[in-house]
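Below are the chains, spelled out letter by letter.
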Amino acid sequence: MTRLLETQGLTAFYGDFQALFGIDVSVDEGECVALIGSNGAGKSTFLRAITGMIPARGQDVMFAGQHIAGWAADRIHKAGMAMVPEGRRLFPSLSVEENLLIGAAGKRPGPWSLDAVYELFPDLVAKRHNPGTALSGGQQQMVAIGRALMSNPQLLLCDEISLGLAPKVIKDIYTAVPKIRAGGTAILVVEQDVGQALAVADRVYCFMEGRVTLTGTPATLTRAQIAAAYFGTTE
Ligand code: ATP
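In this text the structure is predicted, and so the values were computed from the model without any measurement. Here, residues in each chain are numbered from 1, in the same order as that chain's written sequence. Per-residue local features of the predicted model are confined to residues with pLDDT of at least 70, and side-chain atom pairs are confined, for both listing and counting, to 80 or more; whole-chain, interface and lining totals are unaffected and use all residues. Values reported for side chains reflect all heavy atoms of the structure, with hydrogen atoms and water molecules removed beforehand.

1. Describing the packing of helix α5 (residues 137–149) against helix α6 (residues 167–182)
The angle between the axes and the distance between the axes are what describe a pair of packed helices. Heads up, the condition is: Working convention: axes come from line fits to C-alpha atoms, limited for helices to the stretch in contact. Angles between N-to-C directions cover 0 to 180 degrees. We count a stretch as a helix when DSSP gives it H or I for four or more residues in a row; a strand needs E for two or more, and each element gets its number in order from the N terminus. Roughly parallel here means an angle under 35 degrees, roughly antiparallel means over 145, roughly perpendicular means 65 to 115, and every remaining angle is called oblique. For any pair of crossing helices, the crossing counts as left-handed if the nearer helix is rotated counterclockwise from the farther one by less than a right angle, and right-handed if it is rotated clockwise. Residues are treated as being in contact if the distance between any of their heavy atoms lies within 4.5 Å.
Interaxial distance between α5 and α6 falls to 10 Å at its minimum, and their mutual angle equals 15°. With respect to each other, α5 and α6 are oriented roughly parallel. The handedness of the crossing between α5 and α6 comes out as right-handed. Residues G138, Q141, M142, I145 and L149 of α5 form the contact with α6, whose own contacting residues are V169, D172, I173 and I180.

Structure follows, in structure tokens:
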């Protein structure tokens with residue numbers, strides 16, 4: 001396996017407030033890795049720091065063989081990282097198709113196109129000329145994922161993609177994960193549903209209070225270990 005992303009001792013601050021304390025996380029090419037942990041544990045901050053949305057101060061962040069700490073967000077995007085943000089953030093006055101095409105700015109070579117996204121999420125075909133706001137929450141999430149895929153990322157970052165969605169819709173969205181990986185894209189997903197994270201990921205990192213408290217494969221982690229890492233409790 002070739003290492004795609006690796007952070008070593010990553011810290012991040014909001015002003016004087018330290019949100020992350022020395023995070024070591026790695027993702028291999030084509031791998032699916034999940035970040036779990038309670039609200040405020042630092043998962044979204046980690047995604048913001050590696051994508052250049054907030055500074056990853058002076059630490060080493062390796063992505064696709066390059067040191068990217070300190071790079072601007074658009075440069076990191078062009079290098080092959082694309083984010084599906086929490087809350088989807090579609091452009092409300094634009095159609096589904098226009099939202100998808102915005103994601104193609106700075107596109108790298110690869111398998112993703114409008115047709116490929118419509119094949120991945122057939123529900124969007126009939127809605128292609130509708131405004132993003134006229135969609136259900138699940139369809140909006142599909143557009144947000146499709147928009148990120150349009151740049152042909154090497155690493156897709158997904159922040160809480162199942163939040164607020166019905167179980168059937170969550171299942172439909174997670175059905176796309178193997179197909180995305182088959183196109184050669186690795187996935188780093190923040191998931192508040194631990195069962196879902198364990199079902200989809202090759203490896204899991206548990207965050208608590210800005211630190212990684214547990215990491216491993218779903219097959220090796222026990223419920224007691226996860227509870228302790230998640231809540232700081234012992235059984
Ligand atoms: P959630 O599931 O609630 O998004 P999370 O694990 O993603 O949780 P973060 O959003 O990364 O957690 O928050 C980590 C810490 O940083 C929390 O203490 C939070 O209050 C703080 N924080 C997050 N965003 C900001 C911000 N823009 N300004 C100041 N502090 C922030």
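2. Side note on the site of the ligand
Here is the rule we go by: Nearness of a residue to a molecule or strand requires only that one of the residue's heavy atoms be within 4 Å of it. What qualifies as a polar contact is a pair of N or O atoms within 3.5 Å, subject to a donor-acceptor requirement within protein and to the restriction that residues adjacent in sequence count only when both atoms come from side chains. In this description, accessible areas are obtained by the Shrake-Rupley approach with a 1.4 Å probe, and a residue is regarded as covered only by the protein chains that are shown. Here the nonpolar group is Ala, Val, Leu, Ile, Met, Phe, Trp, Tyr, Cys and Pro; Asp, Glu, Lys and Arg are the charged ones; every other residue, Gly included, is treated as polar.
What surrounds the ligand is a group of 14 residues, the closest being G40, G42, K43, S44 and T45. One nitrogen or oxygen atom from the main chain of G40 is found 2.7 Å from an oxygen atom belonging to the ligand. S44 places a polar main-chain atom, nitrogen or oxygen, 2.7 Å from an oxygen atom of the ligand. Out of a free accessible area of 620 Å², the ligand has 63% covered by protein chains. Sorting elements by how many residues they give to the shell around the ligand places helix α1 (residues 43–50) first, with 4 residues. A per-class count over the shell around the ligand returns 4 nonpolar, 6 polar and 4 charged.

3. Things to note about the pairing of strand β8 (residues 186–190)
Keep this limit in mind: Only protein chains enter the accessibility calculation, which uses a 1.4 Å probe; a residue is then buried when its area is under 20% of its type maximum, exposed when over 50%, and partly exposed in between. The pairing criterion for strands is at least two bridges between them, as found by DSSP. Convention used here: a crossover is right-handed provided that the path from the first strand, over the helix, to the second strand proceeds clockwise when the strands point away from the viewer.
Most of β8 sits out of view: 5 of its 5 residues are buried. Burial along β8 is two-sided: A186, L188 and V190 and I187 and V189, pointing in opposite directions, are all buried. As paired strands, strand β7 (residues 155–159) and β8 are joined by 5 bridges and run parallel to one another. Of the residues in β8, the one forming a bridge with L155 is A186. Between the parallel elements β7 and β8, the chain passes through α6 in a crossover that is right-handed.

4. Some remarks on the nonpolar core
Our working definition: In this text, buried Ala, Val, Leu, Ile, Met, Phe, Trp, Tyr and Cys residues form a nonpolar core when linked through side-chain atoms within 4.5 Å.
By size, the foremost hydrophobic cluster in this structure holds 47 residues, and its most contacted members are V84, L100, I145, L156, I180, I187 and V189. Excluding residues within four positions of it along the chain, I187 makes contact with E31, C32, V33, L155, L156, C158, V177, I180 and R181. Residues I23, V33, F46 and F63 belong to the second largest nonpolar core, which totals 31 residues.

5. Observations regarding the pattern of salt bridges
Rule in force here: The salt bridge criterion pairs a side-chain nitrogen of Lys or Arg with a carboxyl oxygen of Asp or Glu, the two atoms within 4 Å.
Evaluation of the coordinates by the stated rule reveals 6 salt bridges. In this structure, E31 engages R203 in a salt bridge whose closest nitrogen and oxygen atoms are separated by 2.8 Å. Pair noted here: E31 is in the loop between β2 (17–28) and β3 (32–36) and R203 is in strand β9 (residues 203–208), with a separation of 172 residues, a long-range link. According to the relative accessible area criterion, R203 is buried, its value standing at 17%. K168 is the partner of D172 in a salt bridge, and the nearest nitrogen-oxygen pair spans 2.9 Å. Taken as a pair, D172 and K168 lie in helix α6 at a separation of 4 residues, close to a single helical turn. The exposure class of D172 is partly exposed, given its relative accessible area of 30%.

6. So, the sheet that holds strand β1 (residues 3–14)
The strand order β2-β1-β4-β5 describes an open sheet built from 4 strands, whose pairing is antiparallel. Sheet topology places β2 and β5 (66–67) at the edges, where each strand pairs with a single neighbour. Pairing of strand β4 (residues 60–63) with β5, which is carried by 2 bridges, proceeds in the antiparallel orientation. Residue F63 lies in a different strand from β5, and its bridge partner there is Q66.

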